[in-house]
There are 2 protein chains.
Amino acid sequence: MRIKFYFFGKKSEYLTLEKEYLKRLNFKHQFELIPLSPSGNKDSIIAKKQESESLLSRINTSDYLVAFDERGAKLDSIEYAAVFDQAQDSSRDLVLVMGGAAGLDGSVLERANKVTSFGSMVWTKNLFRLMVLEQTYRAFEIKSGSGFHKI
Amino acid sequence: MRIKFYFFGKKSEYLTLEKEYLKRLNFKHQFELIPLSPSGNKDSIIAKKQESESLLSRINTSDYLVAFDERGAKLDSIEYAAVFDQAQDSSRDLVLVMGGAAGLDGSVLERANKVTSFGSMVWTKNLFRLMVLEQTYRAFEIKSGSGFHKI
């Protein structure tokens with residue numbers, strides 16, 4: 001399965017751990033973690049709009065888009081894994097997106113096939129990115145029935 | 001404020017990041033991250049019981065105990081910060097505990113002043129420990145009104 005994960009920022013603080021998850025994910029899938037340049041505009045509404053345009057320009061019509069946003073459905077790990085089935089069943093590439101400091105514009109949420117949240121808490125972006133990698137790896141392990149996912 | 005955070009396992013994989021959060025937490029508070037030896041018993045019920053006894057023997061009557069367990073209340077970041085107020089208002093030391101592979105025994109949940117969950121997802125223990133450190137740091141920033149916590 002081909003998966004692209006876009007975010008705004010740099011790959012620095014969590015690089016060692018990210019590499020570990022990327023290695024595991026790439027063992028069976030084609031997974032790319034792609035940093036996008038933050039807009040830099042001080043007006044958060046303009047920044048959000050510019051970043052969302054930059055994001056949408058990279059997404060193909062056939063891509064299955066999953067946006068991470070606090071307004072999204074609060075999924076558990078099994079439900080998150082089921083999102084991957086939906087993309088896989090229709091043989092579409094999966095694109096994961098998280099917003100920058102200002103968040104995602106409504107245009108991205110409208111385009112998204114699934115808007116999802118990881119719960120009610122607010123997280124530092126660098127840590128949240130790592131959390132997405134962990135749940136994505138877990139999702140594939142759940143789908144393969146490997147026993148990695150224990151409750 | 002004095003805080004102890006007990007867990008079963010080793011401080012290895014996330015050491016650099018943990019150190020960063022511990023440094024930040026210890027700037028204003030006395031925060032200790034304390035690894036406990038896993039029981040090693042193959043029977044998960046016995047392991048859970050042994051680990052919970054080892055945990056409870058380290059807790060003073062006056063400690064305010066917060067246990068992380070999927071059966072607990074799903075808090076958001078503001079609600080998690082409020083738990084710290086409850087401990088601070090009664091001038092009690094705060095003790096945070098997470099279980100080992102087998103989880104926490106009912107005896108710990110009964111002793112706990114607050115049983116809390118970070119949402120519906122299942123996490124790798126090493127990552128969850130880092131998530132607790134981040135939310136704990138965030139809780140103090142929320143309480144101090146520093147502006148670190150943005151929604």
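### Observations regarding the overall build of chain A
Moving on, step 1. Scanning chain A for helices and strands turns up five helices and five strands.
Moving on, step 2. Each helix and strand of chain A, ordered N terminal to C terminal, gives the series β-α-β-α-β-α-β-α-β-α.
Moving on, step 3. Computed over its C-alpha atoms, the radius of gyration of chain A comes to 15 Å, within 12% of the 15 Å expected for a compact globule of 151 residues.
Moving on, step 4. Dimensions of chain A along its principal axes, counting C-alpha atoms only, are 45 × 35 × 30 Å.
Moving on, step 5. For chain A, buried positions account for 37% of its 151 residues.
Moving on, step 6. Within chain A, contacts between residues separated by at least 24 positions form 83% of all contacts whose residues are at least 6 apart in sequence.

### Topic: the sheet that holds strand β1 (residues 2-8) of chain A
All names here are of chain A.
Moving on, step 1. Taken together, five strands build an open sheet; the order of strands is β2-β1-β4-β3-β5 and the sheet is parallel. Of all the strands in the sheet, just β2 (30-36) and β5 (114-117) have a single pairing partner and so form its edges. Taking the axes of each pair of neighbouring strands and ignoring which way they run, one obtains an average angle of 30° across the sheet.
Moving on, step 2. Against the sheet, helix α5 (residues 125-144) touches β1, β3 (64-74) and β4 (94-98), its axis set at about 155° to β4.

### A word on the relation of the copies chain B and chain A
Moving on, step 1. The transformation that overlays chain B on chain A combines an axial shift of 0.0 Å with a rotation of 180°, and the residual RMSD is 0.0 Å. Expressed as a symmetry operation, the mapping of one chain copy onto the other fits a two-fold axis. For chain B, the smallest separation between a C-alpha atom and the rotation axis is recorded for Gly119(B), amounting to 2.5 Å.

### Notes on the interface of chain B and chain A
Moving on, step 1. Of the residues lining the interface, 17 residues belong to chain B; the matching set on chain A comes to 17 residues.
Moving on, step 2. The element that contributes the greatest number of residues to the side of chain B that touches chain A is helix α5 (residues 125-144) of chain B, accounting for five residues.
Moving on, step 3. In terms of residue class, the side of chain B that touches chain A is built from eight nonpolar, six polar and three charged.

### A look at the environment of Tyr21(A)
Moving on, step 1. Within the element layout of this structure, Tyr21(A) appears in helix α1 (residues 15-26).
Moving on, step 2. Taking the C-alpha atoms as reference, Tyr21(A) lies 6.9 Å from Glu134(A); in sequence the two are 113 residues apart.

### A short note on helix α2 (residues 44-56) of chain A
Residues and elements named next belong to chain A.
Moving on, step 1. Spanning 13 residues, α2 covers 18 Å between terminal C-alpha atoms, matching the ideal 18 Å at 1.5 Å per step.
Moving on, step 2. Ala47, Lys48, Glu51, Ser52 and Leu55 are the residues of α2 that are buried. All buried residues of α2 lie within an arc of 125° about the axis, which places them on one face of the element. Across from the buried face of α2, at angles greater than 90 degrees, the exposed residues are Ile45 and Ile46.
Moving on, step 3. On its buried side, α2 packs onto β1, β2, β4 and α4 (106-111).

### A short note on α5(A)
Moving on, step 1. Under the 1.5 Å per step criterion, the end-to-end length of α5(A) is 29 Å for 20 residues, consistent within 8% with the ideal 28 Å.
Moving on, step 2. Within the span of α5(A), buried status applies to Arg129(A), Leu130(A), Met131(A), Val132(A), Leu133(A), Glu134(A), Gln135(A), Thr136(A), Tyr137(A), Arg138(A), Ala139(A) and Phe140(A).
Moving on, step 3. For α5(A), the secondary structure elements touched by its buried residues are β1, α1, β3, α3 (77-89) and β4 of chain A together with α5 of chain B.
Moving on, step 4. Downstream of α5(A) by a residue or two, Gly145(A) has a phi angle that is positive, lying close to 65°.

### Quick look at the packing of helix α3 (residues 77-89) of chain B against α5(B)
Residues and elements named next belong to chain B.
Moving on, step 1. Two elements in contact, α3 and α5, have axes separated by 9 Å at closest approach and are oriented at 80°. Comparing the axis directions of α3 and α5 gives the class roughly perpendicular. Packed against α3, whose contacting residues are Ser77, Ile78, Tyr80, Ala81, Phe84 and Asp85, the element α5 presents Gln135, Arg138, Ala139, Ile142 and Lys143 at the interface.
Moving on, step 2. Classifying every residue of the contact of α3 with α5 gives six nonpolar, two polar and three charged.

### Section: the sheet that holds strand β4 (residues 94-98) of chain B
All names here are of chain B.
Moving on, step 1. Taken together, five strands build an open sheet; the order of strands is β2-β1-β4-β3-β5 and the sheet is parallel. Strand pairing shows two members of the sheet lacking a second neighbour, β2 (30-36) and β5 (114-117), which therefore form its edges. Recorded for the sheet is a direction-independent mean angle of 30° between the axes of neighbouring strands.
Moving on, step 2. Alignment of strand β3 (residues 64-74) against β5, held across five bridges, turns out to be parallel. In the strand pairing of β5, Lys74 is matched with Ser117.
Moving on, step 3. Running over the sheet, α5 touches β1 (2-8), β3 and β4 and is turned about 155° from β4.

Reading the values: rules and limits
Residues numbered from 1 in each chain as written. Chains lettered and ligands numbered in written order. Predicted model: local features only at pLDDT ≥ 70, side-chain atom pairs only at ≥ 80, totals over all residues. Helix = DSSP H or I, 4+ residues; strand = E, 2+ residues; numbered from the N terminus. Rg over C-alpha atoms; globule rule 2.2 N^0.38 Å. Buried ≥ 20, exposed ≤ 12 C-beta atoms within 10 Å, placed from the backbone. Contact = placed C-beta atoms within 7 Å. Pairing = 2+ DSSP bridges. Axes fitted to C-alpha atoms, helices over the stretch in contact; angles between N-to-C directions. Least-squares fit on C-alpha atoms with pLDDT ≥ 70 in both. Nonpolar A, V, L, I, M, F, W, Y, C, P; charged D, E, K, R; others polar. Expected span 1.5 Å × (residues − 1). Arc of directions from axis to C-beta. Parallel < 35°, antiparallel > 145°, perpendicular 65-115°, else oblique.

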